[in-house]
Structures are given as structure tokens and as C-alpha cells.
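Survey of secondary and tertiary structure
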Amino acid sequence: MTEISGVPDATSHRPAGRVRAAVSRVRSAFGSATSRVRSVTTSLEIDTRLLGMLLALAVIWILFHWRSNGNFITPRNLWNLSVQSASIAIMATGMVLVIVSRNIDLSVGSLLGFLGYTMAMVQAEWIPQTLGLGFDQPYTWIVALAVGIGLGALIGGLHGALVAYGGVPSFVVTLGGFLIWRGLIFWYAQGQTIAPLDSSFALLGGGPIGSLGDRWSWIVALIACAGIVYTLIANRRRKRRYGFQTRPRWAEILVGAVFCVAVLAAVWVANSYPWPPALASQYAADHGITEPPGGLRIATGIAFPVLILAGVALVMTVIATRRRFGRYVFAIGGNPEAAVLGGINVRRTIMLTFVLMGVLVAISAAITSARLNGAVTNLGVQNELDVIAAAVIGGTSFAGGIGTIAGAVLGAVVMQSLRSGMLLLLVDSPTQDIVVGIVLVAAVGLDALLRRRAS
Amino acid sequence: MRIRRAAALLGAVAVIVGACSSPGASGSGGATGCKVGVSWNNYQEERWAKWDEPAIKAALAAAGAEYISNDAKSSAETQASNVENLITQGAKVVIILAQDGEAIKPAAASAIANGVPVIAYDRLIEDPKALYITFDNVLVGKLQAEAVLKVVSEGNFVIIKGNKADANADFLRAGYVQAGVPEVGQNSDKIKIVGESYTDNWDPGKAQTSMEQFLTANNNDVDAVLSENDGMAGGVVAALKAQGLAGKVPVSGQDGDAAALNRVALGEQTVDVWKDSRELGKAAGQAAAQLCSNKDIKAVSGVGQFKSPGGNDMTSILLTPQAITKDNLNVVLDAGWIDKAKLCQNVAAGSVAACN
């Protein structure tokens, strides 16, 4: 059995759905006090592990808020946190599929450096200087991004082909990649820092200017809400049509309301963070606006990297739970022999997970280099460890077949919360590493313990 | 099976080695034929291949000595065996750019015991029998702090330090104290340290995150930033820019990176302490050539005594760094360190003398 979060009918195209309905009927027949709580979660069809992670995150946030004299749960810090988590979270969504299919990708940090450096070369050296077209052309950022994503897919495909068709273990292939891609950076420009980047490209990194502003943030929130409601209704109809059990109506409405409120609250927080006064007065001066007393207040809204993360997480969730490719990945991870015998093209599927990983690394590379407004040789060093840790804290199992996209994103946010929070408390980097290491092992250990109990 | 794998490996190695041409070296002079081995800790960083290596090579060639090298790729373990490899290859003098000044000690001591003099290049190896050649890093820190204090002499200071395992991070910090910045964990009447952090791998991205959090914790009430190098200064300036503070808060750096010198011209970075790596490479190459004929490190010209943090009296050659600010950017231009187009990119006409 595969495990998928928050998507009620993920297994509905299989006969297993009926078995599950029977199981839940048996379970509800127990009717004891403890199972009443369980029956509520069952009828809501909530992933209890994700709920547990959200609770853990809440505890971390509250502790930091208390210890930092009210500096953690503020619009500004949460906005920072969202931007700081974005790059790792985006890569972690791809790492979930790689690990679920019983592989690993150790090259993501080096690849991020290589792709970030390549994109920087395209926009700061090759287009403006080698081709002599000049800086800050309107098409520069698109070309750079396209080159990065294309190259990422190609390199991911190379890794994947070696793993799937060449029969070399993914650990070895990507360990090689880890060395090679970092080494190739040096060949570009003897390790020089490439800066500054194209001014449009730099917006991908966020910052008050690289954000949506309040109006567009609200529009995005409303579209997201409409999407949630539509998905819930469509799912319910489809289940009914095939005769599967559905949530009670109250549960359906509650789930929709909770998700909608969460989205609106997140946008409200992002909009509560005003532009820094210095930037706002500069903007006022540039646009000939007379500043009102107390300064001009411009809402920042959702930062571009966070918007990209939301889009990636959505697409990846659909791929993982609704597309044949994604279901194949989980089937391969759950039982490779059965997957082959079941007629799944295992090799092609494995290769495609690495292509996807390469594309996501390219997106993260764009965000990281844009955020720094430059490419340096140690861009993305050790990111592979953060990405794998995020996926694992998020409930992805190294045994294969188990993992969720939402969990991986949450895992990334948990890790960055720890680091950013400790920085606020002036805890130095060695201690940060120790704490993150302990949390990593404890989270996975606790998860294994609970799973053993449950079975 | 095993034989087949070995054959495949041999084939692969043959192809790769064939693809890389190996330059032969020959020369004439005082140290004719003497092989000098250089163990780089991480050849991928900007400066080594571009500036240090050619300068060492030139100094050795002038003396008729031969240059061999290898790269430890940031691994202290690899570097220990690399040093042995250089000696096996016939090196009579070894120059070590240490990844980890502590971990390399046994390898250095064994080289010295076998009659191969060791030059600790740029980074300290705590062995009094090794010759330490570096820029005065405490002085680098002092120059950084002095340049920043000249702009803002009191208020809230943030200190972004380098990698904890690198002794230079602490030398630089000691230099700050010499210039009047309080010690770690202390404040003075004028200066309050509101944020201080080491940075893993001197990573600019991590420095940026640190700076963002320090600005958040202090509600932007930060008056000056002491960043120990240029890469991290880039992260700091990016964080300041996001708050509209770039150019308003003084920031320090070192290394003379092209991007950083451009920031100095733009006014976003206050000072870039420049250590002309070519001088360092030249000094090391000349010292190595002298050691080829006389193994006594005290007999090398220009040496002095240096009290190390570990309490050792090191025989050392300390070169003087130079603080580059907006007012003397012509120094790096005249030295051919950077070209004008790079230095003056996006600089408003007439705002900087060196760009006119």
C-alpha cells in the first residue's frame, strides 16, 4: 500500500479502495473511547503524521517566540522564513519521488551550484559581453532560466539513464555528479564570483521588490480557495460515481474551510509585512509621491520564490498522486518485482524521476543565485544534506514506497525554522548543526516507533 | 569479473590521463632540478589558480626549480596523503595550503623529520619547525575595522565571521579588537554587538540568512557590519539591499574579488582589504628555492618571529595587506588586478575618481 496525504481518492482506481472501506467499517465497529478520536480523523481522512508535524512546528514556533521576546511569530520573520525555506523545499519535493523509488540523489547541491553558475554566466557574461548584446535586455532572464532548466533536465536525465539503463547504483552515479558538477564550476571562470545579475532575474530571489504586493496576493489566495472548493466537490462526485465511501458532508465542509482559512491567513501575514521604510521612501521619491506623515506603507505580499514553491508543490502533488507516472513511482518503491511483473516500465519511470529532480534543482538554483544577486563557487554547498533531511523529516521512508510532497515541504520549513530561530537567539552555527542533527534523528526515530505501534 | 572491472578501470584512467596534457618543466638557476611540491586544499576557489599558482611557478622557474602539485578538494584526510605523495614524487620542499591546520600537523612533522622543509602557505600550521608565510591576518582585521569605524564610530555592530575551523576567522576577529571593537560577548560604551556568528564554509548564502535574522531581531537598528571576507559581504549587502539599507550601513570585506571591488565603487561596501596574492606566491616560491639548497628555515631572507595562538614561536614571513576604499581604487586598477569595465559597472559617472 502506498501512503498519500490529504488526497482522499488516491487509491480509488484500484480495488483496494473497497478493502479500505471495509477496514474502516470494522474499525468504527470498535467504538471505544480512544477510537472515537480516531473515527473523527478517519471521517476527516486526515493524514495524522502531517498533523503531528504541524503540531511540532507550532511548538517550535511558540518556543522561539517566547525565547526571542516576541520576535519570531511576526509578519517580518515569517516572511523571511518562507523565503529562506523555498529553495530547499522545492528540491525536497523532487527528492521525495527519488527516495520513494528506492534511489538517492547526492548531487543536488553541486548541481545547484553548477546550474546557478551557468545561468549567471548566460546573463552576466555570454549574452551581454560575449555576444555583445548588452546588459538588462528584456529577454535575458527568460533565456537564462530556460538554459538552466533545459540543462538541469539534461543532466538529471544523464544521471537517471546511468541509474536505470546503466545499472549503476544511484548512490554512485550521484556521488560522481557531486564531484563533477562542483568541479566544472571552476572551469568557467577560475572560480570568480559572477555578479551582479540581470535586474529582472534578480526578482526571482524575492525581497520586497520581488514580491506580489497586496492586491495580487489576495487574488492568488482567492484563486487558491476556489481551487480547493472545486477539487473537493469534484472528488466527491467522482467517488460517488464509482460507489466509494465519501466523507460525511460536515467533514467535507470543515476540511474545505480549514484549508481556505489557512491560505487566507498566510496571505494576510505576508501582506502585514510592510516594505522597509528606507525602500518605501525611495519608491515614493522615484515615483513622485509625497510621503504621508509616518511614511508610505506598501504591503509586501507573497514573495516570488514562495509563489514558485506553491506552484511546484501543487504540480508535484498532482504528479505524485493523480498521474500514472507518480503512482508507478510509488508502486516501484513499494515492491519493485511486482512493479516489473505488473507491466510497469520501471527503467523509464526511474529515469524520469531524475529528470524531474534536475528541473527542480534548476528552479532552486535560479532562486538561490537571484536572492544573492550573484553566483559564487560555493553556491549550494551541503544543500544535498538539507534536501534529504527535509524529505526524511517529512516522513519519506528510505525503505521506499512511502512519502508525501506536503511532508517534505513541511520538513524544509521545520529545519529552516530551527536555524532562523536560533540565529534570532544569537546561537552560533556549531550549536545550530547539533540541534538540527538531533531533531533529524529524533523525528525519524519517533516516526518509526509510531509506525511499529500502529502495525 | 574482478579482472574485467580492473581492466575497465585501467581503460578509463588511460583515456582520462591521455586527455590531460602534462606539462614538462625544466629550468636553470640556483635550485636547478629541485622539485617543489604544492598541496592545495581547495583549488576550486577563485584566487589560487588565477594568482597564487602562476606567481609560485614564476618564482620557482626563475630559480630553476620544478613545480609539482595536487589538490585535497577540501578534505583534511586527503591532504595528509597528498603531502606524502608529493614527497614520494621527489619533492625536496613542500608548500602546504592547509585545509585544517591541526589535522595536517602529523603529515607536516613527518615531512620535516624526513628532511623535507615545510612552508605553511597563507594558513597556519602549528609546528615551530615549519616556515609560515602569510599576509598579516590580524592586521587585515584591524584594517577592516578601522575603515568601518572611520565611517561609524559607535552604535550597533554585527560581526559575520568565517568558518569556525579556520584559524584566520579568529585572527581577523582579534584584529577587530585591536582597532577598538569589543571582544566576543562584550560591549563597550560606544559599541554594542547585536549579532555575531560564524559561517559554515564562508558560505555567502548562509551569511545572507544570518544578516536577515540579525536585522529582524534588531528591527533594522544596525549601524555597521564587519564581514570577514568579500563573499560573505556579498550576502550581507544583499540582505541590506532588501531593506533599502545598502550603502547606508558600512560593510567590510577582504580578498579583492571583482564583485566586491565593484561594490566599493558603487558605495555598497566600505572597504576591501586587498592581499596581492602574487606577492604571497612570489615570496613562497623564492623561499622554497632558497630551502632547496639550505634547509634551515631561519636562514631564509626576510623571516621574523611570530607568536602563534598555540603559543609557538613561528619563523614567519608576514606581508602587509592594503585597505582599498572608494578613494584609492586606482591601486587595483594600476596593478592590473581588475579591468575598468568590471570595476565600474553601473557606477554613476563622476562619482568615483578611479572610474573617470
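The rules we used
- Residues numbered from 1 in each chain as written.
- Chains lettered and ligands numbered in written order.
- Predicted model: local features only at pLDDT ≥ 70, side-chain atom pairs only at ≥ 80, totals over all residues.
- Core = buried A, V, L, I, M, F, W, Y, C linked by C-beta atoms within 7 Å.
- Buried ≥ 20, exposed ≤ 12 C-beta atoms within 10 Å, placed from the backbone.
- Helix = DSSP H or I, 4+ residues; strand = E, 2+ residues; numbered from the N terminus.
- Contact = placed C-beta atoms within 7 Å.
- Axes fitted to C-alpha atoms, helices over the stretch in contact; angles between N-to-C directions.
- Parallel < 35°, antiparallel > 145°, perpendicular 65-115°, else oblique.
- Left-handed = near helix turned anticlockwise from the far one by under 90°.
- Nonpolar A, V, L, I, M, F, W, Y, C, P; charged D, E, K, R; others polar.
- pLDDT = per-residue confidence, 0-100.
- Pairing = 2+ DSSP bridges.

1. A closer look at the nonpolar core
- Residues A:Ala92, B:Ile96, B:Ile119 and B:Ala288 are the most contacted members of the largest nonpolar core, which totals 219 residues.
- Take this core: its biggest share by element is 17 residues, from helix H15 (residues 346-372) of chain A.
- Every residue in contact with B:Ile96, bar those within four places of it in the chain, is listed here: B:Ser39, B:Val83, B:Ile104, B:Ala108, B:Val118, B:Ile119, B:Ala120, B:Tyr121 and B:Ile125.

2. Some thoughts on the packing of helix H7 (residues 204-217) of chain B against helix H8 (residues 230-242) of chain B
All names here are of chain B.
- Close contact between H7 and H8 brings their axes to 7 Å; oriented N to C, the two are set at 40°. Judged on the interaxial angle alone, H8 and H7 are oblique. The handedness of the crossing between H7 and H8 is right-handed. Taken together, the residues of H8 that come into contact with H7 (itself represented by Pro204, Gly205, Ala207, Gln208, Met211, Glu212 and Leu215) are Gly231, Met232, Gly234, Gly235, Val236, Ala238 and Ala239.
- Of the residues belonging to the contact of H7 with H8, the class tally is eight nonpolar, five polar and one charged.

3. Looking at unusual backbone geometry
- Cis geometry is adopted by the peptide bond preceding A:Pro196, which originates at A:Ala195 and carries an omega value of -5°.
- The backbone phi angle of A:Gln382 is positive, close to 70°, even though this residue is not glycine.
- Residue B:Lys73 is not a glycine yet carries a positive backbone phi of 50°.

4. Quick word on the interface of chain A and chain B
- Taken together, the contact pairs 37 residues of chain A with 34 residues of chain B.
- Secondary structure elements with two or more residues in the side of chain A that touches chain B: helix H4 (75-100), helix H7 (170-189), helix H11 (277-286), H15, helix H17 (405-424) and helix H18 (429-454) of chain A.
- In terms of residue class, the side of chain A that touches chain B is made up of 15 nonpolar, 18 polar and four charged.

5. Section: the confidence of the model for chain A
- Per-residue pLDDT for chain A averages 89, and the proportion of residues at 70 or more is 91%.
- Low pLDDT, under 50, characterises residues 1-15 of chain A; the stretch is placed with 31 contacts to residues that sit more than four places away or in other chains.

6. Section: the pairing of strand S5 (residues 131-135) of chain B
Residues and elements named next belong to chain B.
- With five of five residues buried, S5 lies mostly within the body of the structure.
- Of the two faces of S5, the one holding Leu131, Ile133 and Phe135 and the one holding Tyr132 and Thr134 are both buried throughout.
- Across three bridges, strand S4 (residues 118-121) lies against S5 in parallel orientation. Bridge pairing in S5 places Ala120 opposite Tyr132.
- Summarising the sheet, S5 and strand S11 (residues 313-319) pair through five bridges and their orientation is parallel. What sits directly across from Tyr132, in S11, is Ser316.

7. Structural notes on the environment of A:Ile302
Residues and elements named next belong to chain A.
- Its place among the elements puts Ile302 in the loop between H11 and helix H12 (304-322).
- A C-alpha to C-alpha distance of 31 Å links Ile302 and Gly134, two positions 168 residues apart in sequence.
- If near-sequence neighbours (up to four positions away) are discounted, Ile302 is found in contact with Ser211, Leu212, Ser217, Val220, Val267, Ala270 and Leu307.

8. Comments concerning the environment of B:Asn262
All names here are of chain B.
- When you line up the elements, Asn262 lands in helix H9 (residues 258-266).
- For the pair formed by Asn262 and Asn346, sequence separation is 84 residues and the distance between their alpha carbons is 8.7 Å.
- Non-local contacts of Asn262, meaning those with residues more than four positions away in its chain, are made with Lys342, Leu343 and Gln345.

9. Let's talk about the sheet that holds strand S2 (residues 66-71) of chain B
Residue and element names in this part refer to chain B.
- If you walk across this open sheet you meet the seven strands as S2-S1-S3-S4-S5-S11-S10, and the pairing is mixed. Two strands in the sheet have a free side with no partner beyond their single neighbour: S2 and strand S10 (304-307). Pairs of neighbouring strands in the sheet enclose a mean axial angle of 30°, with direction left out of account.
- Sitting on the sheet, helix H3 (residues 76-88) is in contact with strand S1 (35-40), S2 and strand S3 (93-96), with an inclination near 170° to S1.

10. Describing the sheet that holds strand S6 (residues 155-160) of chain B
Residues and elements named next belong to chain B.
- Ordered by their spatial adjacency, three strands build an open sheet running S7-S6-S8, and the pairing between neighbours is parallel. Each end of this open sheet is capped by a strand with a single partner; those strands are strand S7 (191-197) and strand S8 (224-227). The average undirected angle you get between the axes of adjacent strands in this sheet is 20°.
- Here S6 pairs with S7 via six bridges, running parallel. Paired with Val158 across the strands is Gly195, a residue of S7.
- Running over the sheet, H7 touches S6, S7 and S8 and is turned about 160° from S6.

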